[in-house]
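What follows is each chain in one-letter form.
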Amino acid sequence: MDSGNNEIVFDLGYFRLYKDGRVHRADGLDATAPAGFDAATGVTSRDVVIDAGTGVAARLYLPTIRDPATKLPVLVFFHGGAFVIGSPGLPVFHDYANNLVASARVVAVSVRYRLAPEHLLPAAYDDAWAALNWAVSGADAWLSDHGDLGRVFVAGVSAGANIAHNVAMTAGVNGLRAAEPRACIEGVILLHPSLSGKQRMEEEEEFWLANNKRWTAIFPGAKDGPDDPRINPMAAGARSMAKLAGERLLVCTASEDPRAPRGRAYRDAVRASGWRGEVEWFESNGEGHGFFIPDPSGGEAAKLMDRVVGFVAGH
């Protein structure tokens, strides 16, 4: 094989992209936990296809119904994975969703969007927007029978938090394409959002350079590269974050996460934009990026879960 074909464009450890377009994902990243009843949490899940043409799909989650007359908030969730790995069925994301749904008592839509580089960005953003509009239309019986579409929350972790921000911006600018007139985004939850920019922030580590290199490879059509507003909402020319959908925003990060400086800057930018809603902030101490996904029940992860649950509950 030509040695040039072995040139690595970027390497995340668990994912490697070669110059010739080949990709290598670590073993286990295509694992899928089956949907169904989870005895530990009392949550039931099932998979649905949203658009057979694009392949966008979702895993729906329903907690134990205590009172059929009581409508539950709807949470539209986007998993992490640097835009290149993951799915709602990946065991760590599936288990996290079960715990979150049981704790917050929400009907959840965990979106399976297309992954790069097989599907370059903006495919994931397009899928996320389609999935959000599908969810708020009440297209599925779990959503129409048990969900309060007037209390929709958009959430995500890492790259999924980036996606959550972007669909919330689109909803704020263009409005939801919902047949259900009551549909309304109440809150946005960004868990360790993945953001960047051409200019390195003083507090950022070498992660900044790797993040920009990855972004360029998976979104070659991005406007102005790492200063595209989808990865840098604070870039010159980006839409004002005063247009963000929702009444409340929760931004979470961790003290040892190299993405934390951007998360703090994002929080400050929303506050400075004149956004009409309430901006809330939570920072986990002594923890790194996405630490809470594998085990959401202990230590700092439990504190974060309590904060998210309180946010959905309105306190």
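This text goes with the structure placed above it.
Residues numbered from 1 in each chain as written. Predicted model: local features only at pLDDT ≥ 70, side-chain atom pairs only at ≥ 80, totals over all residues. Heavy atoms only, no water.

S.K.: Whenever I open this one, the pattern of salt bridges confuses me. Can you help?
M.R.: Working definition: two side chains of opposite charge can pair if their charged atoms are close together. By the definition in use, this model includes 18 salt bridges. A salt bridge links Arg 16 to Asp 11; its shortest N-O distance comes to 3.2 Å. In this structure Asp 11 comes out as partly exposed when scored by relative accessible area, which is 40%. Arg 248 is the salt-bridge partner of Glu 186, the closest N and O atoms lying 2.8 Å from each other. (Salt bridge = Lys/Arg side-chain N within 4 Å of Asp/Glu carboxyl O. Buried < 20%, exposed > 50% of the residue type's maximum accessible area, 1.4 Å probe, protein only.)

S.K.: Honestly, the packing of helix 1 (residues 91–104) against helix 7 (residues 299–313) in this entry has me stumped. Any pointers?
M.R.: The axes of two packed helices give the description: the angle between them and the distance between them. In contact at an axis separation of 9 Å, helix 1 and helix 7 are set at 50 degrees when each is read in the N-to-C sense. In terms of axis orientation, helix 1 runs oblique to helix 7. Remark: the crossing between helix 1 and helix 7 carries right-handed chirality. Where helix 1 abuts helix 7, its residues Tyr 96, Asn 99, Leu 100, Ser 103 and Ala 104 lie against Met 305, Val 308, Val 309 and Val 312. (Axes fitted to C-alpha atoms, helices over the stretch in contact; angles between N-to-C directions. Helix = DSSP H or I, 4+ residues; strand = E, 2+ residues; numbered from the N terminus. Parallel < 35°, antiparallel > 145°, perpendicular 65-115°, else oblique. Left-handed = near helix turned anticlockwise from the far one by under 90°. Contact = heavy atoms within 4.5 Å.)

S.K.: Which parts of the structure should I look at to understand the packing of aromatic side chains?
M.R.: The way to describe two aromatic rings as a pair is by their centre distance and the angle between their planes. Tallying each qualifying case throughout the model produces eight aromatic pairs. Taking 6.2 Å as the distance between ring centres and 40 degrees as the angle between the ring planes, the aromatic pair formed by Phe 77 and Tyr 96 counts as tilted. Placement of Phe 77 in strand 7 (residues 72–78) and of Tyr 96 in helix 1 is noted, with a sequence separation of 19 residues between them. Phe 77 gets classed as buried once you look at its relative accessible area, which sits at 4%. Residue classification places Tyr 96 among the buried residues on the basis of a relative accessible area of 3%. Three or more aromatic residues joined by ring pairs make a cluster, and in this case those are Phe 77, Tyr 96, Phe 291 and Phe 292. Over the face of the ring belonging to Tyr 18 we find Arg 22, whose NZ or CZ atom lies 4.1 Å from the ring centre. The ring of Trp 142 has Arg 46 sitting right over it, with the charged end atom 4.3 Å from the ring centre. (Phe/Tyr/Trp six-rings, centres within 6.5 Å; stacked < 30°, edge-to-face > 60°. Lys NZ or Arg CZ within 6 Å of the ring centre and 35° of its normal.)

S.K.: Sorry, what's going on with the packing of helix 2 (residues 123–136) against helix 4 (residues 159–174) here?
M.R.: Contact geometry for helix 2 and helix 4: axes closest at 10 Å, N-to-C directions at 60 degrees. Taken together, the axes of helix 2 and helix 4 are oblique relative to one another. Here the hand of the crossing between helix 2 and helix 4 comes out right-handed. Between helix 2 and helix 4, the contacting residues are Ala 124, Tyr 125, Ala 128, Trp 129 and Leu 132 on the first element and Asn 162, Ile 163, Asn 166, Val 167, Thr 170 and Ala 171 on the second. When its residues are assigned to classes, the contact of helix 2 with helix 4 shows eight nonpolar, three polar and no charged. (Nonpolar A, V, L, I, M, F, W, Y, C, P; charged D, E, K, R; others polar.)

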